[in-house]
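What the coordinates show
In case you want the letters, here they are:
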Amino acid sequence: MSPIRIGHGYDIHRTIAGRPLVLGGVKFDSPFGLDGHSDADALTHAICDALLGAAGLPDIGHFFPNTDATWKNADSQLLLQKVIAALRERGWSPVNVDATLVAEQPKISPRLAEMKSALARSTGLPVDAIGLKATTNEGSDDIGRGLAIAAHAVALIQKL
Ligand code: MG
């Protein structure tokens, strides 16, 4: 069996007025947040799914169902920490994560370093093992009109 595995994750949440906007564990000053059961941190959810997928495990919805009140408004960094623990229980440890956030608003780049630090803390990875980019959708489709924010992620894990 190969001692390394790769995984992919994708998530999208609709924007909604009057909720805090949390992306990559960082709270943004924003008139809108993301709709969802937890804090709806789409970036962190995509990273969780990439890690789980690499280990051949079911997705984040399986581990933290939106029917479970435990995860109502939950901090997704806690979910990410639990994903890492689930991997470690099975003998896997993360090697690196790379993610792309797709959002028309707010401006992400000034907060990228903070987001990388938060994700490094939650995964136990060094900051330079967290790749993070942000792009807009060039005004096209619902993301481009500011109606949703999406994220893509890949993760590499290794057998301890
Ligand atoms: Mg999600």
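A brief report on the enclosed structure follows. (Residues numbered from 1 in each chain as written. Predicted model: local features only at pLDDT ≥ 70, side-chain atom pairs only at ≥ 80, totals over all residues. Heavy atoms only, no water.)

Side note on the pattern of salt bridges
- Under the criterion given, the structure shown has five salt bridges.
- Of the charged contacts in the structure, one is a salt bridge between K133 and D98, with a shortest N-O distance of 2.5 Å. Of this pair, K133 sits in strand β6 (residues 130–135) while D98 sits in strand β5 (residues 92–102), and the two are 35 residues apart along the sequence.
- For R111, the salt bridge identified is with E114, shortest N-O distance 2.6 Å.
- A residue is classified by how much of its surface remains accessible, and R111, at 21% relative accessible area, is partly exposed.
- Taking the relative accessible area as the measure of exposure, E114 reaches 39% and is therefore partly exposed.
- A network of salt bridges, in which partner residues are shared, links R14, D142 and R145. (Salt bridge = Lys/Arg side-chain N within 4 Å of Asp/Glu carboxyl O. Helix = DSSP H or I, 4+ residues; strand = E, 2+ residues; numbered from the N terminus. Buried < 20%, exposed > 50% of the residue type's maximum accessible area, 1.4 Å probe, protein only.)

Describing the packing of aromatic side chains
- Applying the stated criterion across every chain yields a total of two aromatic pairs.
- Pairing F63 with F64 gives two aromatic rings, centres 6.3 Å apart and planes at 45°, and the pair type is tilted.
- Taking the centre distance of 4.9 Å and the plane angle of 80° together, the rings of F64 and W71 count as edge-to-face. W71 shares its class with F64; the two are buried. (Phe/Tyr/Trp six-rings, centres within 6.5 Å; stacked < 30°, edge-to-face > 60°.)

Considering the coordination of the magnesium ion
- The protein atoms that coordinate the magnesium ion are D11 (OD), H13 (NE2) and H45 (ND1), at distances spanning 2.1 to 2.3 Å.
- On the primary sequence, the residues serving as donors to the magnesium ion are separated as D-x1-H-x31-H. Of this pair, D11 sits in strand β1 (residues 4–17) while H45 sits in helix α1 (residues 42–54), placing them 34 residues apart in sequence. Each member of the pair D11 and H45 is classed as buried. (Donors = N, O, S within 2.8 Å, 3.2 Å for Na, K, Ca; no water.)

Observations regarding the packing of helix α3 (residues 76–89) against helix α4 (residues 112–123)
- Packing of α3 against α4 brings their axes to within 8 Å, and their N-to-C directions diverge by 40°. By the angle between their axes, α3 is oblique relative to α4. Two secondary-structure elements touch here, α3 through Q77, L80, Q81, I84 and R88 and α4 through A118, L119, S122 and T123.
- In terms of residue class, the contact of α3 with α4 is made up of four nonpolar, four polar and one charged. (Axes fitted to C-alpha atoms, helices over the stretch in contact; angles between N-to-C directions. Parallel < 35°, antiparallel > 145°, perpendicular 65-115°, else oblique. Contact = heavy atoms within 4.5 Å. Nonpolar A, V, L, I, M, F, W, Y, C, P; charged D, E, K, R; others polar.)

Overview of the nonpolar core
- Ranked by internal contacts, the top residues of the largest apolar core, which has 46 residues, are L23, L43, I47, L51, L87 and M115.
- With nine residues, α1 is the largest single contributor of residues to this core. (Core = buried A, V, L, I, M, F, W, Y, C linked by side-chain atoms within 4.5 Å.)

Section: the side chain of S38
- Along the chain, S38 falls in the loop between β4 (32–34) and α1.
- Excluding residues within four positions of it along the chain, S38 makes contact with R19, H45, W71, N73, A74, S76 and L79.

Side note on α3
- Across its 14 residues, α3 extends 20 Å between first and last C-alpha, which sits within 8% of the 20 Å expected from 1.5 Å per residue.
- Contacts from the buried residues of α3 go to α1, α2 (60–63), β5, α4 and β7 (148–159).
- With a side-chain oxygen lying 2.8 Å from the backbone nitrogen of Q77, the N-terminal cap of α3 falls on D75.
- After α3 finishes, the residue G91 shows a positive phi value of roughly 85°. (Expected span 1.5 Å × (residues − 1). Polar contact = N/O pair within 3.5 Å; in protein donor to acceptor, adjacent residues only side chain to side chain.)

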